[in-house]
Amino acid sequence: MNDIGPNKSEIQFLTLAYNRFYDLYEEVMDDDFWGKDEWERFSKIQQAFSIYAELLNYEPLKWVIEKLKTVRPPMESEIGSELFKFIRNVVVHFPLFKSWDDVYVNKSLINWYKDGQTINKFLRKYVGHKVIKYRYWEPAKKEMTYLTISFPKEYLNDSNVFLKDIITEKEGVKFSFILMRRIMNTQVEEIKITG
């Protein structure tokens, strides 16, 4: 008996989560996705961030995030865990917006019922942090895309922090999906193509 692998419940959840995430990944990486209605794009992006955040509860993925701190470029571990969880928390706890570019929070909104929650902690920790630059290669297009991740310069009661100002919808989301998939793929032994 192999006690190292996932148990029956984990296999059930991982199979469903991975399959749905991979489907969303394929859709988001296709140029046609970006011509769709902004609500449809936003809904699918929300779903993928939610799936990924749930997957980060799986212990082997926590080990991968820790390992990234020592073997990957600076801040990749924090981007692949804290930033992506922050995005997930914002879009799930404040389902008040119709598109990526509309989403914002501010200190008073975040703390409307209780101070010190995870969104608040993230913004307090990273306010004023320097810009992080990334790039990714899209083999099908033979194209390199450059992007920046910008943290808010201030975090005040009435200062709105927009997701689009932290990470752009198209380039930023595609980068996020690529990094999420890379982290998730550390746990995949075999990918079966069906259909």
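Within any chain, residue numbers begin from 1 and follow the written order of that chain's sequence. For this predicted model, a pLDDT threshold of at least 70 governs which residues receive local features, and a threshold of 80 or more governs which side-chain atom pairs are given and counted, while totals over whole chains, interfaces and linings are taken from all residues. Side-chain numbers come from the whole structure's heavy atoms, not from hydrogens or water.

Q: Any chance you could break down the packing of helix H1 (residues 8–29) against helix H2 (residues 38–55) for me, citing the residues and the numbers?
A: With axes taken as lines fitted to C-alpha atoms, and helix axes fitted only over the stretch in contact, angles between N-to-C directions fall between 0 and 180 degrees. Secondary structure elements follow DSSP: runs of H or I no shorter than four residues count as helices, runs of E no shorter than two count as strands, and numbering proceeds from the N terminus. Packing of H1 against H2 leaves a shortest axis separation of 10 Å and a crossing angle of 145°. When you trace H1 past H2, the crossing you get is left-handed. On H2, the residues that touch Phe-13, Leu-14, Ala-17, Tyr-18, Arg-20, Phe-21, Leu-24 and Glu-27 of H1 are Glu-40, Lys-44, Gln-47, Ala-48, Ile-51, Glu-54 and Leu-55. The classification used treats Ala, Val, Leu, Ile, Met, Phe, Trp, Tyr, Cys and Pro as nonpolar, Asp, Glu, Lys and Arg as charged, and all other residues, Gly among them, as polar. Split by residue class, the contact of H1 with H2 holds 9 nonpolar, 1 polar and 5 charged. In this scheme the handedness of a crossing depends on how the near helix is turned from the far one: anticlockwise by less than a right angle means left-handed, clockwise means right-handed. Note on contacts: a residue pair is in contact if any heavy atoms of the two residues lie within 4.5 Å.

Q: Could you give me a rundown of the environment of Glu-143, with the residues and numbers involved?
A: Looking at where Glu-143 falls in the secondary structure, it is placed in strand S3 (residues 143–149). Sequence spacing of Glu-143 and Trp-100 is 43 residues, and the spatial spacing of their C-alpha atoms is 24 Å.

Q: Kindly report on the pattern of salt bridges, identifying the contributing residues and their values.
A: Put simply, a salt bridge is a Lys or Arg side-chain nitrogen that is within 4 Å of an Asp or Glu carboxyl oxygen. Following the criterion strictly, the structure yields 11 salt bridges and no others. Salt-bridge contacts for Arg-41 lead to Glu-169; the nearest nitrogen and oxygen are separated by 2.9 Å. Here Arg-41, found in helix H2, pairs with Glu-169, found in the loop between helix H7 (163–166) and helix H8 (170–185); they are 128 residues apart in sequence, far enough to count as distant. Under the relative-accessibility criterion, Arg-41 is labelled buried at 12%. Each residue's exposure class comes from its accessible area (1.4 Å probe, protein chains only) as a fraction of the maximum for that residue type: buried when under 20%, exposed when over 50%, partly exposed otherwise. A relative accessible area of 12% means that Glu-169 is categorised as buried. The partner of Lys-141 in a salt bridge is Glu-138, and the shortest N-O contact between them spans 3.9 Å. The network of salt bridges with common partners includes Glu-27, Lys-36, Glu-40 and Lys-44.

Q: Can you tell me about the packing of aromatic side chains, naming the residues and giving the values?
A: Note on aromatic pairs: the rings of Phe, Tyr and Trp (six-membered ring only in Trp) are paired at centre separations within 6.5 Å, and the planes decide the class, stacked below 30 degrees, edge-to-face beyond 60, tilted for the rest. Counting across every chain of the model gives 17 aromatic pairs. Here Phe-49 and Phe-177 contribute two aromatic rings whose centre-to-centre distance is 6.3 Å and whose plane-to-plane angle is 85°, an arrangement assigned as edge-to-face. One end of the pair, Phe-49, is in helix H2; the other, Phe-177, is in helix H8, with 128 residues separating them in the sequence. The class of Phe-177 is buried, set by a relative accessible area of 0%. Where Tyr-104 meets Phe-162, the ring centres are 5.4 Å apart and the plane angle is 45°; that geometry is what we call tilted. With Tyr-104 in strand S1 (residues 104–105) and Phe-162 in strand S4 (residues 161–162), this residue pair connects regions lying 58 residues apart in the sequence. What makes Tyr-104 partly exposed here is its relative accessible area of 28%. For Phe-162, a relative accessible area of 23% translates into the label partly exposed. Ring pairs connect the aromatic residues Tyr-18, Phe-21, Tyr-22, Phe-49, Tyr-52, Phe-84, Trp-100 and Phe-177, which therefore count as one cluster. The criterion for a charge sitting over a ring is simple: Lys NZ or Arg CZ within 6 Å of the ring centre, and within 35 degrees of the ring normal. Cation over ring: Lys-164 sits above Phe-162, and NZ or CZ is 5.3 Å from the ring centre. One Lys or Arg, Arg-181, reaches over the ring of Tyr-25 and ends 4.4 Å from the middle of that ring.

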